[in-house]
Each structure stands twice: as structure tokens, then as C-alpha cells.
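# Results of the structural survey
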Amino acid sequence: MTQSGSISQFAAETAVRRLAGDLWVGELHAGWRIGAVPNGGYVLAVIGRALREALPHKDPLSVNAFYLAPTTLGPFECRVELLRAGRNITQGMARLYQGGELKVQVTAAYTDLAQQQGPDWSAAARPVYPGWDQCVAGGDSSLEFAQRVDIRLLDGAEVFRGAAPSGRGEFRGWMRHADGADPDVLSLLMFADALPPPAFDVVGLVSWVPTVELTVQVRDHPAPGPLQARLWSRHLSRGVIEEDGEYWDSAGRLVAISRQTAKVRLPRSQ
């Protein structure tokens, strides 16, 4: 919900409805595109909502997506299959189709995060960042995606203004819904693909870094307010790069972890 109590853009534009049996339908909306293609995290969140509606447990725990073909704006069909329903965890599979073509396949485990119990441990403390107002509006503001997600970068924004990449292969900063809505567990699936690709800080602003596979682990319901995020890469091998992400809420809790496999597409002249 937004601060005014109305439904958020994210909730409205990830909505699905059950058509029959295991078939769910919806629409991929404008506002979320990177170039001509809807952002992969946004598409994952749409599929995540279909899984939430179909499965007995409602919170994503671990969600893995393979992007088989680029999606487009407009209607889609999503087939959801229940793989196993346990007392604490449900596993399911979802396949998103457009025009009869399979575009994205997702395997997921869902749970009730509020009921999770057990020990806590971390090998590294949450990093300390300057506040939202002290960071720079980040990424390419001309992208349609910037209409829906507000990003503030702690460092690395210079590369979007013509500076050479630092070679660190990392972006750090804050992000939130542009309409002021508070994050929820489904939006974490989208935010896990929201920061600029770390490849931009290695090879510069290449035209496209398409996602091959994305896994998001959700650890808790996020508190209201912006999310603190870090996305980094360590190995670029023959055009294939990994992207690791960590996401903390405004209360300082680690709420999600991500890993992505992507391709780095250089211009032909390079």
C-alpha cells in the first residue's frame, strides 16, 4: 500500500487472476522496462505473485528463474504446478508464456516467514552507508524503469556521467518504490534485479547485460522504508558474469540475498 492507503503501482502492475485450474493470467505493464524488455526482477515478482496465490504457503523463501526468451508488454499466461506441500515449506513450479512461447521458468519454495525459528549468524556485519539524502540518484534516469524504482548510489554513479569504470565491479546504495510504497516480500524479488549491473563498473556502459538465471532467497518481511543494497561481481569469464546481492531493510535486518548469472554483450566493434 502507498502512504495514502491506495494500492501501490507495484501491487497493481503485478496483479494476476486465476482463469482455470492451474492457469493464471495477467499483464506485463509499461514502466518497468530496461530498454524494450521488462525488467527480469519485475517479471519474477509477477510470477512470484501467481505462486503466492496458488500455493498454501504465501511467502517466497527461495525462488529460482531461468529466462528463456525476452518478455514483452501485454498479456501473459502462467501455469503453476504444486510439487510438494509440507507442513512448513511448499515447493512449486511456474512457467510464464506469451504468444504460446515459454519465456520464463521458475522453481520456488514458499513458507510462512513469521513462523521461521532457529539460530542467527553472519560472517560480516551490515555495512554502514550514508543516509538516503546523502547518496546520489543512481543509474540511467532515462530508463523507463526509473519511473517505478528510485535508486540512490553511494558510489559508482560517475560511470553514468561519462567517467571511466572504477574496476571494483560493485554498486552500493539505497532503493525504494518511486510512489513511496513500502517494500514487501514479493517486491524483494524485483529489487534483487534493480541495481545497475556491476559489469558497468568493469567494462563500462555496454548496451545489454541480459539475465540468464536469477535466484533470490528471502529471509524476512522488510520493515517500512528504503532498502539498503549491495551488488557485486568478482569474475567475468568469456562474457559470463555472476552478480551477488545483499539487501537490508530500514531496521538493519538482512531480508534477501541474490545471485544472478548474466551475459555481458559488448558492441561488435569491441
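Residues numbered from 1 in each chain as written. Predicted model: local features only at pLDDT ≥ 70, side-chain atom pairs only at ≥ 80, totals over all residues. Heavy atoms only, no water.

On a plain count of helices and strands, the protein chain comes out with four helices and 16 strands. Taking 270 residues into account, the globule formula puts the C-alpha radius of gyration at 18 Å, and the protein chain, at 18 Å, falls close to it. Each of the 270 residues in the protein chain was classed as buried or not, and the buried ones make up 49%. Counted over contacts in the protein chain with a minimum sequence separation of 6, partners at least 24 positions apart contribute 69%. Of the roughly 12900 Å² of accessible surface on the protein chain, a fraction of 50% belongs to carbon and sulfur atoms. The protein chain carries 27 positive and 29 negative side-chain charges, and their two centres are separated by 4 Å. (Helix = DSSP H or I, 4+ residues; strand = E, 2+ residues; numbered from the N terminus. Rg over C-alpha atoms; globule rule 2.2 N^0.38 Å. Buried < 20%, exposed > 50% of the residue type's maximum accessible area, 1.4 Å probe, protein only. Contact = heavy atoms within 4.5 Å. Areas by Shrake-Rupley, 256 points an atom, 1.4 Å probe, with all protein chains shown as cover. Lys, Arg positive; Asp, Glu negative; His and termini not counted. Charge placed at Lys NZ, Arg CZ, Asp CG, Glu CD.)

In this section: the packing of aromatic side chains. Summed over the entire model, instances satisfying the criterion amount to six aromatic pairs. Here the aromatic rings of tryptophan 32 and tyrosine 42 are separated by 4.7 Å at their centres, their planes lie at 0°, and the arrangement is stacked. With tryptophan 32 in the loop between strand E2 (23-28) and strand E3 (33-34) and tyrosine 42 in helix H2 (residues 40-54), the pair connects residues that are ten residues apart, well separated along the chain. Judged by its relative accessible area of 0%, tryptophan 32 falls in the buried class. Where phenylalanine 160 meets phenylalanine 171, the ring centres are 6.0 Å apart and the plane angle is 35°; that geometry is what we call tilted. On the criterion of sequence distance, the pair formed by phenylalanine 160 in the loop between strand E10 (149-155) and strand E11 (170-177) and phenylalanine 171 in strand E11 is long-range, its members being eleven residues apart. Phenylalanine 171 gets classed as buried once you look at its relative accessible area, which sits at 0%. Clustering of aromatic rings is evident, with ring pairs tying together Phe10, Trp32, Tyr42 and Phe145. Lying across the ring of tryptophan 232, arginine 230 places its NZ or CZ 3.8 Å from the centre. (Phe/Tyr/Trp six-rings, centres within 6.5 Å; stacked < 30°, edge-to-face > 60°. Lys NZ or Arg CZ within 6 Å of the ring centre and 35° of its normal.)

A few words now on a nonpolar patch on the surface. Taken together, Val202, Val203, Leu236 and Leu266 make up a surface patch of nonpolar side chains, about 280 Å² in accessible area. Tracing the backbone shows leucine 236 in strand E14 (residues 236-237). (Patch = residues over 30% accessible without salt bridge, like charges linked within 9 Å, V, L, I, M, F, W, Y side chains within 5 Å. Salt bridge = Lys/Arg side-chain N within 4 Å of Asp/Glu carboxyl O.)

Bringing the side chain of arginine 152 into the picture now. Along the chain, arginine 152 turns up in strand E10. Sequence-distant contacts of arginine 152, defined by excluding residues within four places in its chain, comprise Trp132, Cys135, Val136, Ala137, Gly138, Arg172, Gly173 and Trp174.

What follows is about the environment of leucine 186. Structurally, the position occupied by leucine 186 is in helix H3 (residues 185-191). Using a relative accessible area of 0% as the deciding quantity, one classes leucine 186 as buried. Distance in space between the C-alpha atoms of leucine 186 and threonine 14 is 9.5 Å, their sequence separation being 172 residues. In this structure, leucine 186 is in contact with Phe10, Ala45, Gly48, Arg49, Arg52, Pro60 and Tyr110, ignoring residues within four places of it in sequence.

Take the side chain of glutamate 242 next. When you line up the elements, glutamate 242 lands in strand E15 (residues 240-248). A distance of 2.5 Å separates the side chain of glutamate 242 from the backbone nitrogen of arginine 234, its partner in a polar contact. Beyond its immediate sequence surroundings of up to four residues, glutamate 242 is in contact with Trp232, Ser233, Arg234, His235, Arg259 and Gln260. (Polar contact = N/O pair within 3.5 Å; in protein donor to acceptor, adjacent residues only side chain to side chain.)

One can find arginine 126 in the loop between strand E8 (101-111) and strand E9 (136-137). Taking relative accessible area as the criterion, arginine 126 reaches 32% and is therefore assigned partly exposed. Separated by 77 residues in the primary sequence, arginine 126 and arginine 49 place their C-alpha atoms 29 Å from one another. Once residues lying within four places of it in the same chain are set aside, the contact partners of arginine 126 are Trp174, Gln228, Trp248, Asp249 and Gly252.

What follows covers the pairing of E10. Most of E10 sits inside the fold, with six of its seven residues counted as buried. With two bridges joining them, E9 and E10 adopt antiparallel strand pairing. Counted as the bridge partner of alanine 137 is arginine 152 from E10. (Pairing = 2+ DSSP bridges.)

What follows deals with the pattern of salt bridges. Under the definition given, this model contains 15 salt bridges. We note a salt bridge from aspartate 150 to arginine 176, for which the minimum N-O separation is 3.8 Å. Residue aspartate 150 is located in strand E10, and its partner arginine 176 is located in strand E11; the two are separated by 26 residues in the primary sequence. On the basis of relative accessible area, arginine 176 is assigned to the partly exposed category, the value being 33%. In this structure, aspartate 155 engages arginine 168 in a salt bridge whose closest nitrogen and oxygen atoms are separated by 3.8 Å. Note that aspartate 155 is positioned in strand E10 and arginine 168 in the loop between E10 and E11, a separation of 13 residues in sequence. For aspartate 155, a relative accessible area of 18% translates into the label buried. Look at the salt bridges and you will find they share partners, linking Asp155, Arg168, Glu170, Arg172, Arg230 and Glu246 into a network.

The biggest cluster of nonpolar side chains holds 60 residues, and the ones touching the most others in it are Leu44, Ile47, Leu51, Val106, Val149, Met175 and Met190. If sequence neighbours within four positions are ignored, leucine 44 has contacts with Val63, Ala65, Tyr67, Val106, Leu189, Leu214 and Val216. (Core = buried A, V, L, I, M, F, W, Y, C linked by side-chain atoms within 4.5 Å.)

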